[in-house]
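Listed below, chain by chain, are the residues.
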Amino acid sequence: MSNQTGTEPFEYDAKSIQRKWQPVWDELAPFDSGRPDDPRPKKYVLDMFPYPSGDLHMGHAEAYALGDVVARYWVQRGYNVMHPIGWDAFGLPAENAAIKRGLDPREWTYANIEQQRTSMRNYACSFDWKRTLRTCDEEYYRWNQWLFLRMFEKGLAYRKDSWVNWCPKDETVLANEQVVQGRCERCDTLVTKKKLTQWYFKITDYADRLLDGLEDLRGNWPDRVLSMQRNWIGRSVGADVDFQIEGREEPVTVYTTRPDTLYGATFMVLAPDTELAQELAEDAGAETLQAFTEYLEQVKAQTEIARESTDHEKTGVFLNQYAINPVNGERLPIYAADYVLSDHGHGAIMAVPAHDQRDLDFARKFHLPIRVVVDSDEPDPAESGVAVPGDGVLINSGPLDGLHKEEAFQKAIEVLEQRGTGRAAKNYRLRDWLISRQRYWGTPIPIIHCEHCGLVPVPDDQLPVRLPASAGLDLQPKGTSPLGAAEDWVNVPCPKCGAPARRDPDTMDTFVDSSWYYLRFVSPHDDAAPFDPELAAQWLPVDQYVGGVTHAILHLLYARFITKVLHDLGKIDFEEPFTRLLNQGMVLMDGSAMSKSRGNLVRLSDELEAVGVDAVRLTMAFAGPPEDDIDWADVSPTGSAKFLARAWRLAQEVFSPAGVDPALGNRALRVQTHRFLHDIPEIIEGFRFNVAVARLMELVNTTRKALDDPSIGATDPAVREAVEAITIVLSLFAPYTAEDMWQVLGYEPSVSLAGLPDCDPTLLMEHTVTAVVQVNGKVRGRLEVPRNIAEDELREGAAKLPGVVQAIGDRQIVKCIVRAPKIVNFVIAR
RNA sequence: GCGGGAGUGGUGAAAUUGGUAGACACGCAGGAUUUAGGUUCCUGUGCCAUGCGCGCGUGCGGGUUCGAGUCCCGUCUCCCGCACCA
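In this report, we go over the structure that sits alongside the text. Because the structure is a prediction, the values reported are computed rather than measured. (Residues numbered from 1 in each chain as written. Chains lettered and ligands numbered in written order. Predicted model: local features only at pLDDT ≥ 70, side-chain atom pairs only at ≥ 80, totals over all residues. Heavy atoms only, no water.)

## Looking at the protein's contact with RNA strand B
Near RNA strand B you find 50 residues, and of these T257, R358, A623, R688 and R782 are the closest. Backbone atoms, meaning sugar and phosphate, make up 63% of the atoms of RNA strand B lying within 4 Å of the protein. Secondary-structure elements contributing two or more residues to the surface near RNA strand B are α7 (223-233), β11 (252-256), α20 (637-653), α22 (689-708), β31 (769-775), β32 (778-785), β33 (813-819) and β34 (823-828). Per-element accounting of the surface near RNA strand B gives the leading share, 6 residues, to α22. Looking at the surface near RNA strand B, its residues break down into 17 nonpolar, 14 polar and 19 charged. (Near = heavy atom within 4 Å. Helix = DSSP H or I, 4+ residues; strand = E, 2+ residues; numbered from the N terminus. Nonpolar A, V, L, I, M, F, W, Y, C, P; charged D, E, K, R; others polar.)

Printed below as a string of structure tokens:
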């Protein structure tokens, strides 16, 4: 970067500028927020807090660069901005790394946090350093326990025995959300199922509100995230229908989204791994039972291996039993088949082969009848093998005949409700949130197991339940929590009856920690409450959340859920935590995600060393729309560095005193400066950071020309005005460079607090514009005209342009469209 | 299959009420400065034709309009999420 010939008068040296300003900012703390007397309106800008698994990487660099633009922008607009940072410090990676290195997870975590903190300061993140938090601090996690207890009281935290996802490598249970295509989200191991008693949060109680709440976020959250959440919750609307079974007391209830096709049901299918299937098989006699048992074994063996297979050849076994269709009394043979899942709906379906592809596949294989009940133009499914799911007119359906799908849907439910054999119902893909983990490095669950009293909550005044020191504990994954072996810790008297009892040895999923941390920032060291209610009322909700799309489902869904819970507990008065969300893309290298194994890792520290902090930040902002991925191979950090040097040199050459009246300056340059100032807010608020940088570059180029133009020159006040505007806006992207320029321009630090200059509307109005003149829609000439030119005048001027005259020739002008002052279009006969 | 999004130069991308397509950069080419390289500065750069341009051009095909990257209909491709979810 540096000029080694020494012939240039000024040198831009990113490193020395960084060294120069960091201590000044530490002293000034320009981003401290929350002085009680601060009259500025509030703005809460939050970056997703990092996991301290090492030093910052390119992904952090992008996220924090973009979040910083937003935070710094609102400061420049005169807001009291709270922009805090913390560490999501509990969790498996820390524990695994600690085991590998033979360290205490605590030591390893805190060391990483310190390293990240140093890197963030160097990276000029505009965080309020008085408001940091670490989720592994007991002053933080005690409030996880507090939250757990409140939820326990409300029945929202409960234990149940069920088949859970199990990662054999990490030896711990996983939430549904942590299983990606049958594999552990973290270590990619094939997930297995294990029957265990675990703690759950009852997120399904909030399914409707979580889904409906997405409507309010439309426009302020990326469509992609809204759609992912919608999919994840997976609400479907339909009906529960009760079917009597021959020779059996209790009916079987099935869930269907197509009650309109009830008359088209020709058989029933149960999930093989249900008690009902087992019972029916037993009741049907030895032969059936044997066939069923064999099938069940086959299904169980297959699940783990064939999980991923894409073609699902239908299999199943007849249970030799019949159900009665409640609307027409028909006998429906009952099968057990693995295409019906035990954990969806009631684990049983009515099969309508004509109108459902899966049922049709099964019916064709087992030679079951196929009855069309929705008449459409499609070919007969029994012939074509293609089910007809679309609309049509109902036939063969008794009272539903002649109705369309939608009407029949409603009517069928009415009929069922009248007869008491069914009712409208909803179903969700969403499952309750499994929060217990059999690992050490997390928040202890504040429950004591007493032989006499059962599950006893730890009284609030005994919180926190401290995590015991790891010394002497075996942290190796082994399927049970290491805390169970901490005898001094685990054995306690029951808080209720005083008898010897044991603490729950599990720890909480770290997503519990991150589901409410945004609230803690308003009073990070409060020891009376998780957050100060008054401060929360003042600051919340978060106005702008910034983070990666990797958290589109997990973290954001959990945080929305916990927010609604806290709302219902009367602790806060809003239901959505994050008003606006910006999801930045990923930083790639040569088209794919960076990884050591792929050998395409770009180290942030190397980039910072090569071009400096500001150039890296600027590159992140300029690369393209923030939500798009950045391929580091496609961008030019050195190009950014060159631009910064150009801008910086501009400031060195300004030769008019600070405070000079810009009104005396060059008009053309002033016009461009003020158009720039006018457009910047709209551009930044629309997250079009790349455009903002382009506009900065444009203004730098123009100002350079003005400066070098002898008729304008370094003493022109308009040059100073332009450079000041550049400096202030540049401070959003390249704070070190801008700070240095600000000083050269004769001001005290910090430029971050300078404020965006007002733009002068008269300068926006006065300048001339280029009118485009078209003939038959093709551009044939241009005309410099005043902004307020009259239509007639513009038309006459346009008609005289040589290019236009030539294009028209002797043909007749049929029509002339004039939109002053921008365009004239002559329509001529062809 | 369901849901969401996107297709614009060699590359990243602009064009936010239908009105100059390709701003701003990267790359490349040429030139100035330099012993040389780098830096810095200047010029050029959508495609085709380049002796000429009422020539072509925003995935493709239609339509509306004086005028379409933008609106409408159809179609293809790609990316993301969910998926034997009844």
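Here the narrative resumes.
## What about the packing of aromatic side chains?
One pass over the structure, following the stated rule, counts 35 aromatic pairs. On the basis of an interplanar angle of 10° and a centroid distance of 4.6 Å, the ring pair of Y140 and W516 is categorised as stacked. Of this pair, Y140 sits in helix α5 (residues 138-153) while W516 sits in the loop between α14 (510-514) and α15 (517-520), and the two are 376 residues apart along the sequence. Both residues of the pair, Y140 and W516, belong to the buried class. With a centroid separation of 5.8 Å and 65° between ring planes, the pair formed by F152 and W199 is classed as edge-to-face. Residue F152 is found in helix α5, and its partner W199 is found in strand β9 (residues 192-201); the two are separated by 47 residues along the sequence. When its relative accessible area of 21% is taken as the criterion, F152 is described as partly exposed. Residue classification places W199 among the buried residues on the basis of a relative accessible area of 1%. Following the ring pairs from residue to residue traces out a cluster consisting of F148, F152, W199, F201, Y206, W433, F511, Y558 and F561. (Phe/Tyr/Trp six-rings, centres within 6.5 Å; stacked < 30°, edge-to-face > 60°. Buried < 20%, exposed > 50% of the residue type's maximum accessible area, 1.4 Å probe, protein only.)

## Side note on the pairing of strand β13 (residues 317-324)
Residues in a regular strand point their side chains to alternate faces of the sheet. The sheet contact formed by strand β10 (residues 236-245) and β13 spans 2 bridges and is antiparallel. When the bridges of β13 are listed, Q244 appears paired with I324. The pairing of β13 with strand β14 (residues 331-336) spans 5 bridges and is classified as antiparallel. The residue bridging F318 from the neighbouring strand is Y335, located in β14. The antiparallel pairing of β13 with β14 creates a hairpin that spans 6 residues between the two strands, and G329 there sits at a positive phi of about 70°. (Pairing = 2+ DSSP bridges.)

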